[in-house]
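Chain residues, written in single-letter form:
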Amino acid sequence: MNPTQLPLEGMPRRLYSCTPSRLNAWLDCRRRYRFTYLDRPQPAKGPAWAHNSVGASVHNALAGWWREPYERRTPLTASILLTNGWITEGFKDAEQSGRWLARARDLVSGYVATLDPSDDPVGVERTVATRTKVIAVSGRIDRLDRRGDELVVVDYKTGRRPLTQDDARSSLALAVYAVAASAVMRAPCRTVELHHLPTGEVVEWRHTDESLERHLRRAEDVATEAAAADERYREVVAPAPGRSSRERPPAGPAPVPAEIDELFPPSPGPLCSWCDFRRHCAEGQAAGPERLPWDGLAE
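What you see is a predicted model, and the numbers here were worked out from it, not measured in a lab.

Rules used in this analysis
- Residues numbered from 1 in each chain as written.
- Predicted model: local features only at pLDDT ≥ 70, side-chain atom pairs only at ≥ 80, totals over all residues.
- Heavy atoms only, no water.
- Helix = DSSP H or I, 4+ residues; strand = E, 2+ residues; numbered from the N terminus.
- pLDDT = per-residue confidence, 0-100.
- Contact = heavy atoms within 4.5 Å.
- Core = buried A, V, L, I, M, F, W, Y, C linked by side-chain atoms within 4.5 Å.
- Buried < 20%, exposed > 50% of the residue type's maximum accessible area, 1.4 Å probe, protein only.
- Polar contact = N/O pair within 3.5 Å; in protein donor to acceptor, adjacent residues only side chain to side chain.
- Phe/Tyr/Trp six-rings, centres within 6.5 Å; stacked < 30°, edge-to-face > 60°.
- Lys NZ or Arg CZ within 6 Å of the ring centre and 35° of its normal.

Cis rather than trans, the peptide bond between Arg 40 and Pro 41 has omega equal to 5°. Even without being glycine, Glu 125 reaches a positive phi, approximately 50°. In this fold, Glu 125 is placed in strand S2 (residues 123-131). Look at Arg 186: it is not a glycine, yet its phi comes out positive at around 55°.

Right under this line is the structure:
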């Protein structure tokens, strides 16, 4: 079709391409959504968080452990992988980083000691995707197991907060992963699990076809709202004359028209203390105290 032609009336709208993280960002705070996915150049983020460094280091070590030959899948190997890939960003100092490295080594070595090294997963850090008439959604699963004739989505958690069955049941991301895994692997996938490494607890939820469908419809509803806002943003906001869209402004996010600010309002609350874009949001700063990069650690 000629690019200058207008779409024909009644033609289907373009699918909204997204990840569960993007959908959840829209639900959590529309201003943060705008900063993350729309503003270009993206406003500068705050410093790295130490608890995110711990989580990423652990996830990487566990993924690497499954990629090792069977005979090397031992707790010692997990510890070595964690040490070699340790991320030091966000810690107060080298002493704190070292203490958490030791804790994380215990976490991964203790966890893999509970696993059967011969029970190869279907996928590790596996990207899956599916689409409906509204969305094209994709995401990466920490681990995808096969249990009998069915698949199981496994998600690792390293945070200090204990988990409940409701965390697994209500997770939009886990439900979408289950639907997408089933579509990609052509096998039923209804069970999702949260593996909380600090406590060793496994929280499981088994979806029905109906509950998975409800999550998918919810994802479509969120995507429809976000897509309309995205489209209006593109209509109203354009790079300043003479400046490339990739060029970073002197400081902070570029100013936007009042209409756009109203379309992407902040959602002030306790999570504002942990927002990467807190420095650019007066409402977020007023909602809670500023946190140090290592405050998320369970000291």
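There's more to say after this.
Detail in the predicted coordinates should be disregarded across regions flagged by low pLDDT. Residues with a pLDDT of 70 or more make up 91% of the chain, whose mean pLDDT is 92. Across residues 1-8, confidence stays below pLDDT 50; counting only partners more than four residues off in sequence or on other chains, it has 0 contacts.

With that out of the way, let us pick up the nonpolar core. As a rule of thumb, soluble globular proteins bury nonpolar side chains together. Counting residues in hydrophobic clusters, the biggest one holds 24 residues, and the most contacted among them are Val 58, Leu 62, Leu 82 and Trp 86. Those residues in contact with Trp 86 that lie beyond four places of it in its chain are Val 54, Ser 57, Phe 91, Ser 97, Trp 100, Leu 101 and Ala 104. Within the second largest apolar cluster, 22 residues are counted, among which are Ile 141, Leu 151, Val 179 and Ala 180.

Further remarks concern the environment of Thr 83. Relative to the assigned elements, Thr 83 resides in helix H4 (residues 75-84). For the pair Thr 83 and Arg 105, spaced 22 residues apart in sequence, the C-alpha separation works out to 7.2 Å. Setting aside its immediate chain neighbours within four residues, Thr 83 contacts Leu 101 and Arg 105. Separated by 2.9 Å, the side chain of Thr 83 and the backbone oxygen of Ser 79 make a polar contact.

Moving on, we get to the packing of aromatic side chains. Evaluated as defined, the whole model comprises 10 aromatic pairs. Taking 6.3 Å as the distance between ring centres and 10° as the angle between the ring planes, the aromatic pair formed by Tyr 33 and Phe 264 counts as stacked. Residue Tyr 33 is found in helix H2 (residues 30-37), and its partner Phe 264 is found in the loop between helix H9 (258-263) and helix H10 (282-287); the two are separated by 231 residues along the sequence. Comparing Tyr 33 with Phe 264 shows no difference in burial state: the two are buried. Pairwise contacts between aromatic rings join Trp 26, Tyr 33, Tyr 37, Tyr 233 and Phe 264 into one cluster. The positively charged end of Arg 103 is found above the aromatic ring belonging to Trp 100, 4.3 Å away from the centroid.

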